[in-house]
Amino acid sequence: MNNTKAYAAPSPTERLVPFSFSRRDVGPHDVGIEILYCGVCHSDIHQARDEWGGSIFPMVPGHEIVGRVTQTGGQVKKFKSGDLAGVGCFVDSCRVCDECRAGLEQYCANGMSATYNSYEQDKKTPTYGGYSTQVVVDENYVLKVSPKLSLPGVAPLLCAGITTYSPLRHWGVGPGHRVGVLGLGGLGHMAVKLAASFGAEVTMLSSSPAKEADAKRLGAQRFVLTSDPESVKSVSRYFDFIVDTVSARHDVETFLETLKTDGVYILVGLPSDPLAVPAFSLVPKRRSLVGSMIGGIAETQEMLDYCAEHQIVSDIELIKIQEINEAYERTIKGDVKYRFVIDIASLRDS
Ligand code: NAP
Ligand code: ZN
Ligand code: ZN
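Below is a summary of the structure that appears in this document.

A short note on the coordination of the zinc ion (ligand 2)
At step 1: Coordination of the zinc ion (ligand 2) by the protein is provided by C41 (SG), H63 (NE2) and C159 (SG), with metal-donor distances spanning 2.0 to 2.3 Å.
At step 2: Relative accessible area serves as the criterion here: at 7%, H63 is assigned to the buried category.
At step 3: By relative accessible area, C159 is classed as buried at 4%.

Overview of the site of ligand 1
At step 1: Contacts to ligand 1 come from 29 residues, most closely from S206, S207, S208, K211 and R339.
At step 2: S208 places a side-chain nitrogen or oxygen 2.5 Å from an oxygen atom of ligand 1.
At step 3: A distance of 2.8 Å is found between an oxygen atom of ligand 1 and a backbone nitrogen or oxygen belonging to I294.
At step 4: Elements supplying a minimum of two residues to the shell around ligand 1: α1 (42-48) and α5 (186-197).
At step 5: With 3 residues, the single largest contributor to the shell around ligand 1 is α1.

What to know about the sheet that holds strand β10 (residues 178-182)
At step 1: Taken together, 6 strands build an open sheet; the order of strands is β12-β11-β10-β13-β14-β15 and the sheet is parallel. Single-partner strands in this sheet number two, and they are β12 (222-225) and β15 (288-291). For this sheet, the mean angle separating the axes of adjacent strands, direction not counted, is 20°.

Considerations on the pattern of salt bridges
At step 1: Enumeration over the complete set of coordinates arrives at 20 salt bridges.
At step 2: D315 is the partner of K193 in a salt bridge, and the nearest nitrogen-oxygen pair spans 2.6 Å. Of this pair, K193 sits in helix α5 while D315 sits in the loop between α10 (297-310) and β16 (316-320); the two residues are 122 residues apart in sequence, bridging distant segments of the chain.
At step 3: Of the residues examined, K193 reaches a relative accessible area of 16% and is grouped as buried.

A look at the environment of K337
At step 1: Mapped onto the secondary structure, K337 falls in the loop between α11 (324-332) and β17 (339-343).
At step 2: You can call K337 partly exposed: its relative accessible area is 47%.
At step 3: C-alpha of K337 to C-alpha of D214: the two residues are 123 residues apart in sequence and 9.0 Å apart in space.
At step 4: Setting aside chain neighbours within four positions, we find K337 in contact with D214, D315, I316 and E317.

Some details on the packing of helix α4 (residues 160-170) against α5
At step 1: Contact geometry for α4 and α5: axes closest at 8 Å, N-to-C directions at 45°. Relative to α5, α4 is oriented oblique. Crossing of α4 against α5: the hand is right-handed. Between α4 and α5, the contacting residues are A160, G161, T163, T164, Y165 and L168 on the first element and G186, L187, M190, A191, L194 and A195 on the second.
At step 2: Tallied by class, the residues present in the contact of α4 with α5 amount to 8 nonpolar, 4 polar and no charged.

Details of α5
At step 1: For α5, built from 12 residues, the straight-helix expectation of 16 Å at 1.5 Å per residue is met to within 8% by its first-to-last C-alpha distance of 17 Å.
At step 2: Among the 12 residues in α5, 10 count as buried, and that is most of the element.
At step 3: Those residues of α5 that fall on the buried side of the exposure criterion are G186, L187, G188, H189, M190, A191, V192, K193, L194 and A195.

How each quantity is defined
- Residues numbered from 1 in each chain as written.
- Chains lettered and ligands numbered in written order.
- Predicted model: local features only at pLDDT ≥ 70, side-chain atom pairs only at ≥ 80, totals over all residues.
- Heavy atoms only, no water.
- Donors = N, O, S within 2.8 Å, 3.2 Å for Na, K, Ca; no water.
- Buried < 20%, exposed > 50% of the residue type's maximum accessible area, 1.4 Å probe, protein only.
- Near = heavy atom within 4 Å.
- Polar contact = N/O pair within 3.5 Å; in protein donor to acceptor, adjacent residues only side chain to side chain.
- Helix = DSSP H or I, 4+ residues; strand = E, 2+ residues; numbered from the N terminus.
- Pairing = 2+ DSSP bridges.
- Axes fitted to C-alpha atoms, helices over the stretch in contact; angles between N-to-C directions.
- Salt bridge = Lys/Arg side-chain N within 4 Å of Asp/Glu carboxyl O.
- Contact = heavy atoms within 4.5 Å.
- Parallel < 35°, antiparallel > 145°, perpendicular 65-115°, else oblique.
- Left-handed = near helix turned anticlockwise from the far one by under 90°.
- Nonpolar A, V, L, I, M, F, W, Y, C, P; charged D, E, K, R; others polar.
- Expected span 1.5 Å × (residues − 1).

Remember that the coordinates give geometry; whether it matters functionally is a separate question.
Structure below.
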């Protein structure tokens, strides 16, 4: 598949610029997808700016992909031309380790192939993401997308949706639980919507007073302004779960203290700096501090089906690819409601 148009970061310190490359030909097990929409995740920014280290350049970011199938290999069973399709944060994994066999491909012991800033399973062919016009992926790593939902709003489900759905399901969050969601951005707004739809009582913990009305519209029953000590005190030892989605260095101790005995602090945010966790915030209350990364293919499909059934999509601002650098700056400032999604038609037509 030649002439794939894209936007790429040439280096950690440069803006994203137009770029072109070739995708592999569609093999017997592959699906060729014309990309329609791609979400802009804060992980795109961390990696394009090499904030986690080890980034591979040039980098075509993007792992919240929705598109239409244009070609299928001879052995493909699940997709046909014209179907809607989704691609999330990884495009392959070893398929034989315990994690892959258990449907936890995101934790593949031999290293999954992330959708970009990574290598195919040959460990030498770089992967390029969804800020591009087309993609070729093995059918086992492609998701089915329902035509019932608005497609731009579906794209962020492929990362922000599954990253919050998976831990909420894993820890059995539901009716009778009090959940605090820290940070109202892409992940945070999906955590609020999903936890509320599972029947939990949700509190938004945000540093942005202007987001209160939105938090309540999204499903939060309470709003705590994290810069106001009195407001934070009102939820002392209150929560069964915290979902921490913050992308930058921040205070964890204060929010550990909002958990009850046996409360679980679920980290999904990935700031590059280590977090300070006092032993005395965990030990005397038997609290747990846990992490969670995206979700496996089967669970991602389950999440997409759940969202189609319950009419849940992401709240998005649709942008042209030419606006991507400005969108990065606005995301860093927390100025997005609540996910930028690129209309790939703006790239195809450029
Ligand atoms: P985002 O849209 O930028 O949202 C992050 C939110 O965190 C902001 O809206 C803001 O909310 C809050 N925040 C930002 N800087 C802060 C600071 N210095 N102090 C306190 N609060 C701050 O980002 P996202 O796309 O949701 O991603 C969030 C994090 O999750 C990133 O680190 C990303 O890499 C990571 N991530 C992890 C996974 C995974 O599998 N675990 C998957 C995807 C993304 P308020 O204005 O409400 O305070
Ligand atoms: Zn992401
Ligand atoms: Zn594996």
